Amino acid sequence: METTDNVTMCQYYSIEAGNFTLAGEAAGQIKNNLKQLGIDAALVKKVAIASYEAEMNLVIHSNGGRLIFKINPKVITIIAQDDGPGIKDIELAMKEGYSTAPDTARELGFGAGMGLPNMKRCADRFVIRSEEGKGTEVELSFNLS
Amino acid sequence: MLEQYYHSVTLDRGKCKGCTNCIKRCPTEAIRFADGKARIIGERCIDCGECIRVCPYHAKVAVTDSLSSINAFKYKIALPAPSLYGQFEKVDKFGKVLAGLKMLGFDEVYEVARAADYTAAFIKREMEENRGRIKPLISSACPAIVRLIQVRFPELIKNIIPISSPMEIAAQIAKRTFCEKRGVKPEEVGAFFITPCAAKMTVVRNPIGMDKSFVDGCISIMDIYGPLCSKIKKAKSEDVLHMATEFGVGWANAGGEGRSLHKNNFLAVDGIHNVIKVLEEIENGKLSDLDFFEGLSCVGGCVGGPLVFENSFVAQNRVRELKSSAQGNALTCEEVEKEVSSIVWRFQTEITSKPVMKLAEDISVAIKKMEEMNTIYEQLPGLDCGSCGSPNCRALAEDIVRGYATEMDCIFKLKEKVKMLAQEMIELSEKIPLGKETTSEEDVKE
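Since we're looking at a predicted model, the values are computed, not measured.

### Brief notes about the overall build of chain B
Looking only at helices and strands, chain B has 18 helices and 11 strands in total. Projected onto its principal axes, the C-alpha positions of chain B cover 105 × 50 × 40 Å. Here chain B holds 446 residues, and the buried ones make up 53% of them. With an accessible surface of roughly 21200 Å², chain B has 52% of that area assigned to carbon and sulfur atoms. For chain B, the distance from the average site of its 60 positive side-chain charges to the average site of its 62 negative ones is 5 Å.

Structural data, given as structure tokens:
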């Protein structure tokens, strides 16, 4: 079989705001995909944790959005996009322990202010773009081998 | 090499009706249908015995050794699993069960429950050495769960406690003591585990953490139950020394191992599908405060094994009542230290991952296959009926990509195709030239 390095697979998961029952399902599917693709267990764990945090952020903070999973033989990319409300002060949002999570999320044990820092720690590359009133996009990349 | 995929769980082809019960309950999606009969995929099967339990036609069986197989050895030792104590009505003495076993032709009986006391002591040592570096540590007592982790949760292999099971510890102590006492050679002595489950049989042939098991065979509780019951009636409990503590006996039930460690911060989960859910949580890093996780494949723990006689809940209750009358002394430090230096209690070989779910070795090929799989999956009805012979629509898509199945195995797809063909035939039949029809024989006659 011919092998081409430019094969890319891409999957979209629509994430509903405030729905804690479904929260974590997309990240779970991404994890299963990675296992089936034969990705190294330690890397699967990193991607799984980061995509779970990304998914939770969409559920807790956004007005709804998408989780995108891309993979090619060199890199895994997780993108979390939403339709607002956007982050006012990104630097502050990146601080461990800082959170703007509403009480409804905190009651469930979320909102410890570790989401973004955790994502950054797990990923090899972390990019965040946000515009108040418009939306946020977090892009995480993980190198394969 | 022949026994690379040895499994105790096998299929009785004659009894299999080709229903979908087993394929849908298998935790590793290891069963498919071919020619209307189930087929177990050897590399995926973990011998949990779930299919034995759910098959309404009893077509799934566990192969174990017969009672007569013990005669291959000059001297025979029985190693009864703690779950054996819960099988008998109105038997309130451990010694009666043990003496009954001896009357069946064994020269000696050594309680695996006593070995469990040792295993607990070894695990405590390990936990002290670990000092919470790995959390939670995962029990290695249930072989089906260890295999499950190898197949589905490779990241958690490092959490598995690398200590031999009570069965292996029992075989070593029993053989050594017997040889010393009777002055015989080790190779003349056979140790036979009286087992509640198929996974133990598999692990004797295909050991975890060692190259060769110290156990020489496994006899199922189900097979020995009848003959043993008749012996127990006549058995004198003082004939065999009962040594296990209530904690060792407690290993028969889910949570027994955790309690024997005298640590509060443990979690015990029974039933393989429940265990999978909690392992997912552990894998996601959610239970990192937990010291010890005990996962057992069977509901209720070992008393719920597929090869036991008594109902799991009844046996569980009996063990709970019975264990308070256990006579064994708590192990002394000297006793533990003696065994630490004289038996193999730590795993000698590494536990490796078995990525049997992997689509391909090469990542590019795997990605392509997964994409193809997703496209096929979207075309399937999504009913997960299992009629195609794969456990669900996703698994069928996977089987198609792997080349083991075709889209036409889906009865809904087939129906669509037949409908299309029928439609086409009607259309074609209407296209027969009219001229020919008028010149048929009947027309000529008239």
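### Quick word on the nonpolar core
Core analysis: the largest hydrophobic core is formed by 75 residues, its most contacted members being B:L79, B:F122, B:I149, B:L279 and B:F293. The element best represented in this core is helix α4 (residues 112–130) of chain B, accounting for 9 residues. Dropping the residues within four chain positions of it, B:L79 is found in contact with B:Y110, B:V112, B:M167, B:A170, B:A171, B:A174, B:A191, B:F192, B:F193, B:I194 and B:V215. Grouped together as the second largest cluster of nonpolar side chains are 58 residues, A:V7, A:I15, A:A93 and A:I128 included.

### Some points on a nonpolar patch on the surface
Residues B:L383, B:I411 and B:F412 make up a contiguous nonpolar surface patch of roughly 260 Å² in combined accessible area. If you trace the backbone, B:L383 turns up in the loop between α14 (363–379) and α15 (393–402).

### Concerning the sheet that holds strand β4 (residues 125–131) of chain A
All names here are of chain A. Here 5 strands make up an open sheet; going across it, the order is β1-β2-β3-β5-β4 and the pairing antiparallel. With one partner strand each, in any of the chains shown, β1 (9–15) and β4 form the two edges of the open sheet. The sheet shows a mean angle of 10° between the axes of neighbouring strands, taken without regard to direction. Judged from the 7 bridges that link them, strand β3 (residues 75–82) and strand β5 (residues 135–143) form a sheet pairing that is antiparallel.

### Things to note about the pairing of β5(A)
The two faces of the sheet receive side chains in turn, since in a regular strand these alternate between them. All names here are of chain A. Buried residues dominate β5, accounting for 8 of its 9 residues. Sheet analysis places β4 next to β5, joined by 7 bridges and oriented antiparallel. Residue pairing across strands places I128 opposite V138, the latter belonging to β5. Hairpin connection of β4 to β5: 3 residues between the antiparallel strands, including G133 at a positive phi of 85°.

### Thoughts on the packing of aromatic side chains
Each aromatic ring pair is described using two quantities: the centre-to-centre distance and the angle formed by the ring planes. Residues and elements named next belong to chain B. Here the structure, examined in full by the defined rule, presents 7 aromatic pairs over all chains. On the numbers, 6.4 Å between centres and 40° between planes, the contact of Y118 with F122 is tilted. Of the two residues, Y118 and F122 are both situated in helix α4; the distance of 4 residues between them amounts to about one turn of the helix. Through successive ring pairs, a cluster of aromatic residues spans F88, Y225 and F309. Looking at K17, its charged tip hangs above the ring of Y57, at a distance of 5.1 Å from the centre.

### Topic: the packing of α4(B) against helix α6 (residues 166–182) of chain B
Residue and element names in this part refer to chain B. At a minimum axis distance of 8 Å, the contact between α4 and α6 shows a crossing angle of 110°. With respect to α6, the axis of α4 lies roughly perpendicular. The element α4 and its partner α6 pack so that their crossing is right-handed. Of the residues in α6, those in contact with V112, A115, A116, Y118, T119 and F122 of α4 are P166, M167, I169, A170 and I173. Within the contact of α4 with α6, the residues separate by chemical class into 10 nonpolar, 1 polar and no charged.

### Details of the pattern of salt bridges
Using the criterion set out here, one finds 29 salt bridges over all chains in the structure. Between A:E131 and A:K134 there is a salt bridge, with the nearest N and O atoms lying 3.8 Å from each other. Among the residues examined, A:K134 registers a relative accessible area of 56% and is labelled exposed. Two residues, B:E50 and B:R25, come together in a salt bridge whose shortest N-O distance is 2.7 Å. Of this pair, B:E50 sits in helix α2 (residues 50–54) while B:R25 sits in helix α1 (residues 21–25); the two residues are 25 residues apart in sequence, bridging distant segments of the chain. When salt bridges with common partners are traced through the structure, they connect A:K31, A:K35, B:R152, B:E280 and B:E283 into a single cluster.

### Some thoughts on the confidence of the model for chain A
Low pLDDT means the predicted coordinates in that region are not meant to be read closely. Confidence along chain A averages 86 in pLDDT terms, with 97% of residues attaining 70 or more. Model confidence for chain A, summarised as mean pLDDT per element, is weakest for helix α3 (residues 90–93) of chain A at 76 and strongest for strand β2 (residues 65–71) of chain A at 94.

### Section: α14(B)
Between its terminal C-alpha atoms α14(B) stretches 25 Å, which fits the 24 Å expected from 17 residues at 1.5 Å a residue. Taken as a whole, α14(B) has its buried residues at B:S364, B:V365, B:A366, B:I367, B:M370, B:M373, B:N374 and B:I376. Buried residues belonging to α14(B) abut β1, α1 (25–36) and β2 of chain A together with α15 of chain B. Regarding α14(B), its N-cap is B:D362, as a side-chain oxygen of that residue lies 3.0 Å from the backbone nitrogen of B:S364 further along.

### Looking at unusual backbone geometry
Note: most residues except glycine have negative phi, and most peptide bonds are trans. All names here are of chain B. In the segment running from K135 into P136, the intervening peptide bond is cis, with an omega of -10°. Unusually for a residue other than glycine, E29 sits at a positive phi of about 50°. Tracing the chain through its elements places E29 in the loop between α1 and β2 (31–34). Judged by its relative accessible area of 23%, E29 falls in the partly exposed class. Unlike most non-glycine residues, D47 shows phi in positive territory, near 60°. By the element assignment, D47 lies in the loop between β3 (37–40) and α2.

Calculation rules
Residues numbered from 1 in each chain as written. Chains lettered and ligands numbered in written order. Predicted model: local features only at pLDDT ≥ 70, side-chain atom pairs only at ≥ 80, totals over all residues. Heavy atoms only, no water. Helix = DSSP H or I, 4+ residues; strand = E, 2+ residues; numbered from the N terminus. Buried < 20%, exposed > 50% of the residue type's maximum accessible area, 1.4 Å probe, protein only. Areas by Shrake-Rupley, 256 points an atom, 1.4 Å probe, with all protein chains shown as cover. Lys, Arg positive; Asp, Glu negative; His and termini not counted. Charge placed at Lys NZ, Arg CZ, Asp CG, Glu CD. Core = buried A, V, L, I, M, F, W, Y, C linked by side-chain atoms within 4.5 Å. Contact = heavy atoms within 4.5 Å. Patch = residues over 30% accessible without salt bridge, like charges linked within 9 Å, V, L, I, M, F, W, Y side chains within 5 Å. Salt bridge = Lys/Arg side-chain N within 4 Å of Asp/Glu carboxyl O. Pairing = 2+ DSSP bridges. Axes fitted to C-alpha atoms, helices over the stretch in contact; angles between N-to-C directions. Phe/Tyr/Trp six-rings, centres within 6.5 Å; stacked < 30°, edge-to-face > 60°. Lys NZ or Arg CZ within 6 Å of the ring centre and 35° of its normal. Parallel < 35°, antiparallel > 145°, perpendicular 65-115°, else oblique. Left-handed = near helix turned anticlockwise from the far one by under 90°. Nonpolar A, V, L, I, M, F, W, Y, C, P; charged D, E, K, R; others polar. pLDDT = per-residue confidence, 0-100. Expected span 1.5 Å × (residues − 1). Polar contact = N/O pair within 3.5 Å; in protein donor to acceptor, adjacent residues only side chain to side chain.

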